[in-house]
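# Examining the three-dimensional arrangement
In case you want the letters, here they are:
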Amino acid sequence: MTTISRLVLAASLCAISASLQGAVVSGIEDVTIPPSGSLNSASNPASAGFTSNGALYRWGGSSFGGEFFPHGFAASNISDTTDYGNNRFQHQYNSITGGGAAGSPNYAVANAFSPVAIDLPADPLSIAVTNNTYAYYSMKTGDDFAKKFGGSSGNDADWFLLSITGKDGQGNPVGRVESYLADFRFLENSQDFILDQWRTLDLSTLRGARQLEFALSSSDTGQFGMNTPAYFAVDHLTFVPEPKGSVLAGLAVVLLGAVWWAHARLREARRLKNGS
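Residues numbered from 1 in each chain as written. Predicted model: local features only at pLDDT ≥ 70, side-chain atom pairs only at ≥ 80, totals over all residues. Heavy atoms only, no water.

Take the pattern of salt bridges next. In the structure shown here, the tally under the stated rule is nine salt bridges. The partner of R88 in a salt bridge is D83, and the shortest N-O contact between them spans 2.7 Å. Owing to a relative accessible area of 8%, R88 belongs among the buried residues under this scheme. Residue D123 pairs with R210 through a salt bridge whose shortest N-O separation is 2.8 Å. Residue D123 is found in strand β8 (residues 123-130), and its partner R210 is found in the loop between β12 (199-202) and β13 (211-218); the two are separated by 87 residues along the sequence. (Salt bridge = Lys/Arg side-chain N within 4 Å of Asp/Glu carboxyl O. Buried < 20%, exposed > 50% of the residue type's maximum accessible area, 1.4 Å probe, protein only. Helix = DSSP H or I, 4+ residues; strand = E, 2+ residues; numbered from the N terminus.)

Attention now moves to the environment of L237. Assignment of secondary structure puts L237 in strand β16 (residues 231-240). When the C-alpha atoms of L237 and S26 are compared, they prove to be 5.0 Å apart, with 211 residues separating the residues in sequence. Leave out the neighbours within four places in its chain, and L237 touches V24, V25, S26, A55, Y57, I118, L120, S126, I127, L203 and L212. (Contact = heavy atoms within 4.5 Å.)

Here the focus is the nonpolar core. One finds F50, Y57, F73, F214, F232 and L237 to be the most contacted residues of the largest nonpolar core, which totals 46 residues. Among residues more than four places away in sequence, those in contact with F232 are F73, A108, V109, A110, A112, V116, T130, N132, L162, L181, F214 and L216. Among the nonpolar cores identified, the runner-up in size contains eleven residues, and A101, Y107, Y134 and A233 belong to it. (Core = buried A, V, L, I, M, F, W, Y, C linked by side-chain atoms within 4.5 Å.)

Moving on: the environment of T238. Mapped onto the fold, T238 is located in strand β16. Look at T238 and you get buried, because its relative accessible area is 11%. In this structure, T238 is in contact with A23, V24, V25, P124, L125 and S126, ignoring residues within four places of it in sequence.

A separate point is unusual backbone geometry. Look at N53: it is not a glycine, yet its phi comes out positive at around 50°. Non-glycine residue A102 carries a positive phi angle of around 55°. Relative to the assigned elements, A102 resides in the loop between β5 (67-76) and β6 (107-111).

Let us look at the confidence of the model for the chain. Model confidence for the chain is summarised by a mean pLDDT of 87, while 80% of its residues fall at 70 or above. Scored below 50 in pLDDT, residues 3-20 makes 20 contacts in the model with residues more than four places away or belonging to other chains. (pLDDT = per-residue confidence, 0-100.)

Written as structure tokens, this is what we have:
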């Protein structure tokens, strides 16, 4: 390959690489959160949810006895990680880390006694997840409704699982990613854990998804379903816009450069064959 050919291809690849680095991060930092520290569906029950960088975090709720009970996602910037014992439910919008991923203040908490969803504008790449304080301390010490994970001996094989199903624009599943928010199934109890930091999950296998559906399951289940509080936190949802603009231009340059190089090689081969 000639020097000019190398330069053309190198420049094209750099243009494409720069464009692909333009992945969008939905980090909740663009959401206005009231002084209470959380924004949930009670503020606007008629709306579908809140939006961060093009991703729609869906919420809902139901009324009972004259009181509205939010469901789905809420935006939060609460930094308190205190265990409030019998009052844990009153602090349901706290993450156990005391903030968002990578030290950011904002994050989202899901109340997910039934599946909750985020609508995407493009293919998902990754998402950070962790426990919220209510679920964390319930699993750690137990409460009036849920058991202490591991039991009194520490040997009970308990678990708390987050399942993320990607669905395309027609609602058809394209794949699933799962991650344990707590796992006490190890032979060595020292390996048991309840997640207390942000963990980034790879969602690239869910290419083509335009919605992420989140569901929780637990080993602690009773007559009325899961006993473990159905809450978790997310942040830094990253997705990759479809190639356009500079990316397509870069691809065109690569193709033109490849054609030009092929013709140059062919001309050189003919010159050598003719001895001229």
